[in-house]
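Inside the fold
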Amino acid sequence: MYRLIYKSRANRRIDWDFVKELIRKSEEKNPDRDITGVLLASETHFLQVLEGSFDEVNELFMRIVRDPRHDHVQLIAFDC
């Protein structure tokens, strides 16, 4: 099991509706990939921990990096 931690800045104000939509999409996709984690959000920033296989977590992180809802994505840790 690998753990990846990153932080990023949102390109718009983060409100509850925005977070609920992220959670809904994650709940649809992540169980099929055996990815778990936790998301912390303020009005302007995200901090997320993702856990799963190396390939699945790495692939998800690469999608997050390209996601236009984020910028200044910074990898904090990626280890097993």
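Everything that follows concerns the structure shown earlier in this document.
This section reports on the structure supplied with the text.

The rules behind the values
Residues numbered from 1 in each chain as written. Predicted model: local features only at pLDDT ≥ 70, side-chain atom pairs only at ≥ 80, totals over all residues. Heavy atoms only, no water. Helix = DSSP H or I, 4+ residues; strand = E, 2+ residues; numbered from the N terminus. Buried < 20%, exposed > 50% of the residue type's maximum accessible area, 1.4 Å probe, protein only. Core = buried A, V, L, I, M, F, W, Y, C linked by side-chain atoms within 4.5 Å. Contact = heavy atoms within 4.5 Å. 1 Å grid on protein atoms, 1.4 Å probe; cavity = no way out; pocket = protein on both sides within 12 Å on 5 of 7 lines; lining within 4 Å. Points joined across faces, edges and corners; volume = space filled by probe spheres on them. Nonpolar A, V, L, I, M, F, W, Y, C, P; charged D, E, K, R; others polar. Pairing = 2+ DSSP bridges. Axes fitted to C-alpha atoms, helices over the stretch in contact; angles between N-to-C directions.

What follows deals with unusual backbone geometry. With the exception of glycine, the majority of residues adopt a negative phi angle, and the majority of peptide bonds are in the trans configuration. We note that Asp 34 has phi near 55°; this positive angle belongs to a residue other than glycine. By the element assignment, Asp 34 lies in the loop between helix H1 (16–29) and strand E2 (36–41). According to the relative accessible area criterion, Asp 34 is exposed, its value standing at 60%. Residues other than glycine seldom take positive phi values, yet His 72 does so here, at roughly 50°. Structurally, His 72 can be placed in strand E4 (residues 70–79).

Counting 8 residues, the largest nonpolar core is built from Leu 4, Tyr 6, Ile 35, Leu 50, Val 57, Leu 60, Phe 61 and Ile 64. Taken together, the elements giving at least two residues each to this core come down to strand E1 (2–10) and helix H2 (54–66). Looking at this core element by element, the count peaks at 4 residues for H2. Non-local contacts of Phe 61, meaning those with residues more than four positions away in its chain, are made with Leu 4, Tyr 6, Val 73 and Leu 75.

Reported here for the largest pocket is a volume of approximately 580 Å³. The dominant element in the lining of the largest pocket, judged by the number of residues it contributes, is H1, at 6 residues. A breakdown of the residues in the lining of the largest pocket according to their chemical character gives 12 nonpolar, 6 polar and 7 charged.

Here the focus is the sheet that holds E4. The sheet built from 4 strands is open, its strands ordered E2-E3-E1-E4 with antiparallel pairing. On the outer flanks of this sheet lie E2 and E4, each paired with one strand and no other. The sheet shows a mean angle of 15° between the axes of neighbouring strands, taken without regard to direction. Bridge analysis of E2 against strand E3 (residues 45–52) gives 6 bridges, and the strand direction is antiparallel. Its bridge partner being in E3, Thr 36 is matched across the sheet by Glu 51.

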